[in-house]
Structure formats: structure tokens, C-alpha cells
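Read off the chains here:
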Amino acid sequence: MEFGDRERGSMDAPQAAGVSLARLLGVIVFAAACLGFHWFGSQGWVPLLDSANLAFHEAGHPLVDLFSARLSVYGGTLLQLLFPALALWNYRRAGNATGLAGCMVWLGENLLNVARYMADARAQALPLVGGGEHDWTEIFNRWGVLHLDTRIAGMTHGIGVLLIVGAGVWLYRCRRSGPIAHPGSH
Ligand SMILES: [Zn+2]
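Residues numbered from 1 in each chain as written. Predicted model: local features only at pLDDT ≥ 70, side-chain atom pairs only at ≥ 80, totals over all residues. Heavy atoms only, no water.

Colleague: Looking at this model, I keep getting lost on a nonpolar patch on the surface. Mind explaining?
Modeller: A surface patch of nonpolar side chains, amounting to about 260 Å² of accessible area, comprises Leu-21, Leu-25 and Ile-28. Here Leu-25 lies in helix α3 (residues 21–40). For Leu-25, a relative accessible area of 44% corresponds to the partly exposed category. (Patch = residues over 30% accessible without salt bridge, like charges linked within 9 Å, V, L, I, M, F, W, Y side chains within 5 Å. Areas by Shrake-Rupley, 256 points an atom, 1.4 Å probe, with all protein chains shown as cover. Salt bridge = Lys/Arg side-chain N within 4 Å of Asp/Glu carboxyl O. Helix = DSSP H or I, 4+ residues; strand = E, 2+ residues; numbered from the N terminus. Buried < 20%, exposed > 50% of the residue type's maximum accessible area, 1.4 Å probe, protein only.)

Colleague: In this structure, what is going on with the environment of Phe-56? I would like to understand it.
Modeller: Residue placement: Phe-56 occurs in helix α4 (residues 49–65). Given a relative accessible area of 21%, Phe-56 falls into the partly exposed group. C-alpha separation for the pair Phe-56 and Gly-76, spaced 20 residues apart in sequence, amounts to 7.1 Å. Not counting residues up to four positions away in its chain, the partners in contact with Phe-56 are Leu-79, Gln-80, Phe-83 and Trp-106. (Contact = heavy atoms within 4.5 Å.)

Colleague: Just to check I follow, could you spell out the coordination of the zinc ion for this structure?
Modeller: Tetrahedral metal sites with four donors have an ideal angle of 109.5 degrees; octahedral sites with six donors have ideal angles of 90 or 180 degrees. Distances from the zinc ion to its protein donors, His-57 (NE2), His-61 (NE2) and Asp-135 (OD), fall within 2.0 to 2.1 Å. Spacing between the donor residues of the zinc ion along the chain follows H-x3-H-x73-D. Separated by 4 residues within a single helix, His-57 and His-61 lie in helix α4, roughly one turn from each other. (Donors = N, O, S within 2.8 Å, 3.2 Å for Na, K, Ca; no water.)

Colleague: I would appreciate a short explanation of α3 in the present structure.
Modeller: Note that an α-helix has 3.6 residues per turn; residues three or four places apart therefore point the same way. Compared with the 28 Å implied by 1.5 Å per residue over 20 residues, the 27 Å span of α3 between its first and last C-alpha is a close match. Taken as a whole, α3 has its buried residues at Leu-24, Val-27, Ala-31, Cys-34, Leu-35 and His-38. Projected down its long axis, α3 shows its buried positions confined to an angular sector of 95°, all on one face. Away from its buried face by more than 90 degrees, α3 exposes Ala-22, Val-29 and Phe-40. Contact partners of the buried residues in α3: α4, α6 (97–118) and α8 (149–177). (Expected span 1.5 Å × (residues − 1). Arc of directions from axis to C-beta.)

Okay, here's the thing in C-alpha cells:
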């Protein structure tokens, strides 16, 4: 029943042939681990991955500061989201469905990480690297929405979860139906 579909799909679409069951399971385990650490971990922190995200974040501030001191507060979040977005774009161009789904999970997990920081804007309970200013207290203050910090964080968290769950569902469908989808290209 399923096997005929899969074989036909893989012959018609070389990209989909790359989505083996092992790769699909790998992405699903990755997605589940990200959600699990955020929802059930005491810190809401994914080991290794969030350390990498933090490294990109910390590099982002001085990088943007080269162009504008006022905008440097946005640089951390910008760079930590830019890296998975660029990787995602690269896999999409290459027609690598597994890599694309993995980057969707990474991007979504980054949003969970950003949301955790956003939600702390008023409380300021999180330990900050370097003990500098709190990005989101500053940003939300500039926008006049500091009182909405937890609500904005909740929406950001929701988008992150959608991306993470969506990546697994999309890859599952990709494996069944064959060619890699190009949303918006028609
Ligand atoms: Zn920062």
C-alpha cells in the first residue's frame, strides 16, 4: 500500500528520495527534543543549540553597532534568527527537504529562545551574558509596549511551536507525496 506510492514518488522526484524514514525520524526527534527542553526543562534551554544561538546573538550586537549604535540592541536577535533563515534558504535552493525541515525546527526553536527573553523584559530574572542591558526591556520601552511583554512573548512562542510542528508535518507529507514543495512559486 504505502510502498508503491513511495517508490513512485522517489522515481518522479529525486529530492524526495532523500527523505528516508531515518531522516524523517531524525527531524521529528530533533523537533520533540526542542519542545521538550522548552516545556519540561527547568531552564527552558536546549543544550548546545541554545549555546550556538547565544554565540550568534552575542556576535550580532557589535556587528550592527558598526553601522548604528542605536540599532545594536536589535543585532543580537537579528543575527540569531538570520543564521537559521539563511541555512533554510540554502537548503530550499538545493532541494534538500530534510535540511530545510531541520532548519525550520532550528528557526522555530530560536523563536522559543527569543520569546523566553521577551517574557523577561519586566521581570528581568534571567542571567544576562556580560551583565549588559536587557535587550527586550530596551526594545519594548522604545516601542511603548513594555506592559505587553508576556503577551508578545506568548505569540512569538506560538509561532515558534507552529514552525517546529509544521516542519515535521511538512517533511512527512513530502516523503509521501514526492517533490519538494515551493510555496508561492505558482
Ligand atoms: Zn542581546
